[in-house]
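Topology and contacts: notes
So the chains spell out like this:
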Amino acid sequence: MNTTNRAIISVALCLFVAAFAGMAFADGADAANVHFGNSATYGGFTDMDNGSFTVYVSNDSTTNSMDVKVVIKDLDGNELASATATIDPETANKEITLGFGYGSAGNKYVKVYLYDNTDPASPVELNVDGPFEISVSHSIWKDWVTYVIVVVIIIAILLIAYFYFRGAPERAARKEAKALESVKGKGAAKTKYEDGRKSKRN
């Protein structure tokens, strides 16, 4: 191989390496531009119902969007929820909301992980936030006593309604009899008054 060919091959290799390095640098720069924004917000957790956990992701790049994956894990590294999203250029605090729950009340702790999800087969970790303390309240609907109380109240209402409507005809009859007595009393008083007037004329 002559010197000219060697020089051409060397230049080609240098250009290839430079291009590859440039792409790697660009990818790294894009990754550096995507990060968590405002602090996460969360609430609504009970030992019966899922709560919501919202994270905010920003992209400082002026040109490139990025596919990301958000994963919530407990402190043992167990995944509780995940979601994917595309963060457009010059985006501040894009909301990504995840839902998950617990079967018991108490204080729980989680961390939030942000991944570059350009290649879903091998996401690249960008940021970790937390730990966050989640207060899981106890739901009264998880107690059997609550259902017993509800059943008792329903039965009591039904019994009251039953006896009320059962006595309705009797109450109506008493009311009617009272009205008749009142009418008779007024008639008797009128007759007595008229008889008195006749006596005076005689």
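Conventions adopted
Residues numbered from 1 in each chain as written. Predicted model: local features only at pLDDT ≥ 70, side-chain atom pairs only at ≥ 80, totals over all residues. Heavy atoms only, no water. Pairing = 2+ DSSP bridges. Helix = DSSP H or I, 4+ residues; strand = E, 2+ residues; numbered from the N terminus. Axes fitted to C-alpha atoms, helices over the stretch in contact; angles between N-to-C directions. pLDDT = per-residue confidence, 0-100. Contact = heavy atoms within 4.5 Å. Polar contact = N/O pair within 3.5 Å; in protein donor to acceptor, adjacent residues only side chain to side chain. Core = buried A, V, L, I, M, F, W, Y, C linked by side-chain atoms within 4.5 Å. Buried < 20%, exposed > 50% of the residue type's maximum accessible area, 1.4 Å probe, protein only. Phe/Tyr/Trp six-rings, centres within 6.5 Å; stacked < 30°, edge-to-face > 60°. Lys NZ or Arg CZ within 6 Å of the ring centre and 35° of its normal.

The sheet built from four strands is open, its strands ordered β5-β4-β7-β8 with antiparallel pairing. With partners counted over all chains shown, the strands left at the sheet margins are β5 (79-87) and β8 (124-136), one partner each. Direction aside, neighbouring strands of the sheet carry axes that sit 20 degrees apart on average. Pairing analysis gives eight bridges linking strand β4 (residues 66-74) to β5, with the strands arranged antiparallel. Residue pairing for β5: I72 is matched across the bridge by A81.

Here we take up the confidence of the model for the protein. Per-chain confidence: the protein averages 79 in pLDDT, with 67% of residues scoring 70 or above. For the stretch residues 11-28, pLDDT sits under 50, and the model shows zero contacts to residues farther than four places along the chain or on other chains.

Below, the discussion takes up the side chain of T91. By the secondary structure assignment, T91 is in strand β6 (residues 91-100). A polar side-chain atom of T91 sits 2.7 Å from the main-chain carbonyl oxygen of D88.

Here we take up the nonpolar core. The tendency in soluble globular proteins is for nonpolar side chains to be buried side by side. Membership of the largest hydrophobic core comes to 24 residues, with the highest contact counts inside it found for F53 and I96. Secondary-structure elements contributing two or more residues to this core are β1 (34-36), β3 (51-59), β4, β5, β6, β7 (106-116) and β8. At four residues, the largest contribution of residues to this core is made by β4.

What follows covers unusual backbone geometry. Among all residues except glycine, the phi angle is most often negative; among peptide bonds, the trans geometry is most common. Here the residue pair G130 and P131 is connected by a cis peptide bond, since its omega of 10 degrees sits within 30 degrees of zero. The residue P131 is located in strand β8 in this model. The phi torsion at E90 lies on the positive side, around 55 degrees, for a residue other than glycine. Considering the arrangement of structural elements, one finds E90 in the loop between β5 and β6. When its relative accessible area of 59% is taken as the criterion, E90 is described as exposed. In the Ramachandran plot, N93 falls in the positive-phi region, its phi being about 60 degrees despite a non-glycine side chain. On the secondary structure map, N93 appears in strand β6.

It is worth spelling out the environment of S65 at this point. Tracing the chain through its elements places S65 in the loop between β3 and β4. Given a relative accessible area of 43%, S65 falls into the partly exposed group. Setting aside residues no more than four positions away along its own chain, S65 makes contact with N59, T86, I87, D88 and P89.

Quick look at the pairing of β4 now. With seven of nine residues buried, β4 is to be regarded as a mostly interior element. What sits between β4 and β5 in their antiparallel hairpin is a turn of four residues, with G77 showing a positive phi close to 90 degrees.

Once that is clear, we can look at the packing of aromatic side chains. Taken as a whole and judged by the stated rule, the model has eight aromatic pairs. Note on F53 and F100: the rings are 6.3 Å apart at their centroids and 35 degrees apart in plane angle, and the pair reads as tilted. Here F53 is found in strand β3, whereas its partner F100 is found in strand β6, with 47 residues between them in sequence. With centroids separated by 5.5 Å and ring planes inclined at 80 degrees, the aromatic side chains of F53 and F132 adopt a geometry described as edge-to-face. In this pair, F53 sits in strand β3 while F132 sits in strand β8, placing the two residues 79 residues apart along the sequence. When its relative accessible area of 0% is taken as the criterion, F53 is described as buried. Exposure remark for F132: the relative accessible area of 9% places this residue in the buried category. Each member of the aromatic cluster is reached from another via a ring pair, and the members are Y42, F45, F53, F100, Y102 and F132. K73 extends its terminal NZ or CZ atom over the ring of Y113, reaching a point 4.6 Å from the ring centre.

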